[in-house]
Amino acid sequence: DGGITQSPKYLFRKEGQNVTLSCEQNLNHDAMYWYRQDPGQGLRLIYYSQIVNDFQKGDIAEGYSVSREKKESFPLTVTSAQKNPTAFYLCASSGRYRGNEQFFGPGTRLTVL
Amino acid sequence: GEDVEQSLFLSVREGDSSVINCTYTDSSSTYLYWYKQEPGAGLQLLTYIFSNMDMKQDQRLTVLLNKKDKHLSLRIADTQTGDSAIYFCADHASGGSYIPTFGRGTSLIVHP
């Protein structure tokens, strides 16, 4: 079955630690995205990548980093510089043409202790 | 910049129709999508409409597009408790960007 997976589902982090969230897709999509979701805030774009070895900052990139070494994978690192990292993180992928729908993973809930 | 607005909450009784509204600002918008998010899960595409259409019907779902007023609506007929979720309106192709703009989502609560 084609799809997009995220791991882990729940993640706990102590203040001052970096953590990496995994996102993998087998849909052969060129574009991948990371969103942050907070209650009542909708989706906010953190980073996106249109092609391997290239990525761009979204609206709230500060305190986050990404890599795109393989087409299938787009991991997100939440660094200690992110002041309020507790949130629900969603990864998505799509074709890289205008109007292509996005396919979302099941999400990772990150809690800072 | 591009903006997509939705009301945050809607409460209906089981069996009634639900209408979720969305407004957008970019007159060049061509691809408008509705996504559904169940609690603790990712978003799933529900339906979509292209700007050359006024209406699209898909089983219990009806999407209406008023391009003049830049208004989009999603009607769910015979709403069931399983329809309780957050519904996001998304503009997938405003201007030259292929990055979608999402509304903040409407929480639909269905009472038995």
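As the structure is a prediction and not an experimental result, all values here were calculated from the model.

Peer 1: Explanation requested: the sheet that holds strand S3 (residues 18-24) of chain B in the structure shown.
Peer 2: Sheet strands associate in pairs through backbone hydrogen bonding, adopting either a parallel or an antiparallel arrangement. Residue and element names in this part refer to chain B. What the 5 strands build is an open sheet, ordered S1-S3-S8-S7-S6; its pairing is antiparallel. Edge positions in the sheet fall to strand S1 (4-6) and strand S6 (55-58), since each of these pairs with one other strand and no more. Shown here is a sheet whose adjacent strand axes are inclined to one another by a mean of 15°, direction ignored. Sheet analysis places S6 next to strand S7 (residues 61-66), joined by 4 bridges and oriented antiparallel. Bridge pairing in S7 places Gln57 opposite Thr62.

Peer 1: I keep staring at a nonpolar patch on the surface and nothing clicks. Help me out?
Peer 2: Residue and element names in this part refer to chain A. A contiguous nonpolar surface patch, about 400 Å² in accessible area, is contributed by Tyr10, Phe12 and Leu113. Structurally, Tyr10 is set in strand S2 (residues 10-13). Look at Tyr10 and you get exposed, because its relative accessible area is 55%.

Peer 1: What am I meant to see in the interface of chain B and chain A here?
Peer 2: Often the size quoted for an interface is simply the accessible area lost on bringing the parts together. Taken residue by residue, the interface counts 23 residues in chain B and 23 residues in chain A. Between chain B and chain A the total buried area reaches about 1700 Å² when both faces are included, carbon and sulfur atoms providing 55% of it. In this assembly, chain B and chain A are joined by 0 salt bridges. Linking chain B to chain A there are 4 residue pairs in polar contact (both at pLDDT 80 or more). If you list the elements that add at least two residues to the side of chain B that touches chain A, you get strand S4 (31-37) and strand S5 (43-50) of chain B. Here the side of chain B that touches chain A takes 4 residues from S4(B), the largest share from any one element.

Peer 1: How should the packing of aromatic side chains be read in this particular structure?
Peer 2: Pairs of aromatic rings are described using the distance from one ring centre to the other and the angle between the two planes. Residues and elements named next belong to chain B. Evaluation of the coordinates by the stated rule reveals 12 aromatic pairs over all chains. Aromatic side chains Tyr33 and Tyr48 sit 5.8 Å apart centroid to centroid with 35° between the ring planes, which places their arrangement in the tilted category. With Tyr33 in strand S4 and Tyr48 in strand S5, this pair connects stretches of sequence that are 15 residues apart. Residue class for Tyr48 comes out partly exposed when judged on its relative accessible area of 30%. The interplanar angle of 50° and the centroid separation of 5.6 Å between the aromatic rings of Tyr35 and Phe102 together place this pair among those described as tilted. Placement of the pair is Tyr35 in strand S4 and Phe102 in strand S10 (residues 101-102), with a sequence separation of 67 residues. Residue classification places Tyr35 among the buried residues on the basis of a relative accessible area of 0%.

Here is what the cut-offs are and how they apply
Residues numbered from 1 in each chain as written. Chains lettered and ligands numbered in written order. Predicted model: local features only at pLDDT ≥ 70, side-chain atom pairs only at ≥ 80, totals over all residues. Heavy atoms only, no water. Pairing = 2+ DSSP bridges. Helix = DSSP H or I, 4+ residues; strand = E, 2+ residues; numbered from the N terminus. Axes fitted to C-alpha atoms, helices over the stretch in contact; angles between N-to-C directions. Patch = residues over 30% accessible without salt bridge, like charges linked within 9 Å, V, L, I, M, F, W, Y side chains within 5 Å. Areas by Shrake-Rupley, 256 points an atom, 1.4 Å probe, with all protein chains shown as cover. Salt bridge = Lys/Arg side-chain N within 4 Å of Asp/Glu carboxyl O. Buried < 20%, exposed > 50% of the residue type's maximum accessible area, 1.4 Å probe, protein only. Contact = heavy atoms within 4.5 Å. Buried area = accessible area lost by both parts, 1.4 Å probe. Polar contact = N/O pair within 3.5 Å; in protein donor to acceptor, adjacent residues only side chain to side chain. Phe/Tyr/Trp six-rings, centres within 6.5 Å; stacked < 30°, edge-to-face > 60°.

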